[in-house]
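Residues per chain are reported as follows:
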Amino acid sequence: MFGTTSTTIIFLLFVVIVFVVKTINVVPQQHAWVVERLGKYHATLGPGLKIVLPFIDRIAYKHSLKEIPLDVPMQVCITKDNTQLEVDGILYFQVTDPMRASYGSSNYISAISQLAQTTLRSVIGRMELDKTFEERDLINHSVVGAVDESAANWGVKVLRYEIKDLTPPREILHAMQSQITAEREKRALIAASEGRKQEQINIATGEREASIARSEGEKQAAINRAQGEASAILSIAEATAEAIRKTASAIREPGGSDAVNLKVAEQYVEAFGKLAKTNNSIIIPANLGDMSGLIATAMQVVKSQGAQIKS
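Within every chain, residues take consecutive numbers counted from 1 along the sequence as written. Restriction of local features to residues with pLDDT of at least 70 applies here, the model being predicted, together with a cutoff of 80 or more for giving and counting side-chain atom pairs; totals for whole chains, interfaces and linings are based on all residues. Processing note: side-chain calculations cover all non-hydrogen atoms of the structure and skip hydrogens and water entirely.

**Concerning helix α3 (residues 108–125)**
Runs of E in the DSSP output that reach at least two residues are strands. Runs of H or I that reach at least four are helices, and both are numbered from the N terminus. How far a helix is expected to stretch is found by multiplying one less than its residue total by 1.5 Å. For α3, built from 18 residues, the straight-helix expectation of 26 Å at 1.5 Å per residue is met to within 8% by its first-to-last C-alpha distance of 26 Å. Restricting attention to buried positions, one finds in α3 the residues Tyr108, Ile112, Ser113, Ala116, Gln117, Thr119, Leu120, Val123 and Ile124. Buried, partly exposed and exposed residues are distinguished by accessible area as a fraction of the type maximum, computed with a 1.4 Å probe on protein chains only: under 20%, between the cut-offs, and over 50%, respectively.

Listed below in structure tokens is the structure:
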């Protein structure tokens, strides 16, 4: 009797524990649990302590509301110019509607992956090989737009898609490498020629500026010489004019005219004496009377000057 009572108590205690475990549930942060009641959708449980009816309600699906990265398998795509290209990428999505994620698709992760692959093949098929390397952003946005539109029915939001690798065949890769090498050599030659061109321009510019500077210096020197010569001529002219004025003033004084005649006679005799010494021939004046008359005039002037001094 006592043993039967103990067994009953233990059984009831076990039933209570199971009931409590089935009734009380703790949903973690950033998670959502879908509850079915008698096989039909009943509610979506958010984070925190939640109570359900045991044996009537059932937690059918558990979803994470965090952003999930999905590695899209590598596949072979054919470009517009019929070149095979191996492409793989990674897709980021997030569950926004747990109820649709539970019932909208039997496997929304597989559906998203397959749709991303088919969309990627379609996008790359409209591009040439070179464009696929240049238009990665366009490819990523095209895949996100196409997948997100369909994934809305599955309660999933596609956030972004990133291409990890674009791998062309080995022959194409070798040809591209050769093209890159040739392009770099071309740029190097162009850069060198541009450098030589700029060097020649700089040299020509320097020579032109130096020539201009020299011509400006010569011009200024010529101006300075001309100004100096003009100043000298002006000074000589002024001195000559002053001498003439003084001579004229002296002539107007008493005895000035006789002094002038004497001076002219002296200069005449001196010039004639110098002319006679320049060669071995004897130079005789054409009119000796003029010579004697000139000397007589000079002597007369000297006499008159002496008389004036005595008086």
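**Brief notes about the packing of aromatic side chains**
Pairing of aromatic rings covers Phe, Tyr and Trp, the last counted by its six-membered ring, and requires centre-to-centre distances within 6.5 Å; plane angles under 30 degrees mean stacked, over 60 mean edge-to-face, and any other angle means tilted. Scanning the model with the defined rule gives three aromatic pairs in all. Consider the rings of Tyr61 and Tyr103, whose centres lie 5.5 Å apart with planes at 85 degrees: the pair is edge-to-face. Within this pair, whereas Tyr61 is found in strand β5 (residues 57–64), its partner Tyr103 is found in helix α2 (residues 98–103), the two being separated by 42 residues in sequence. Taking the relative accessible area as the measure of exposure, Tyr61 reaches 32% and is therefore partly exposed. Taking the centre distance of 6.2 Å and the plane angle of 80 degrees together, the rings of Phe93 and Tyr108 count as edge-to-face.

**Quick look at unusual backbone geometry**
For Gln30, which is not glycine, the phi torsion reads 60 degrees and is therefore positive. The topology assignment puts Gln30 in the loop between β1 (24–27) and β2 (31–37). Look at Gln30 and you get partly exposed, because its relative accessible area is 32%. Of note in this structure, Phe55 is not a glycine but carries a positive phi near 65 degrees. Of note, Phe55 is situated in the loop between β4 (48–51) and β5. On the basis of relative accessible area, Phe55 is assigned to the exposed category, the value being 68%.

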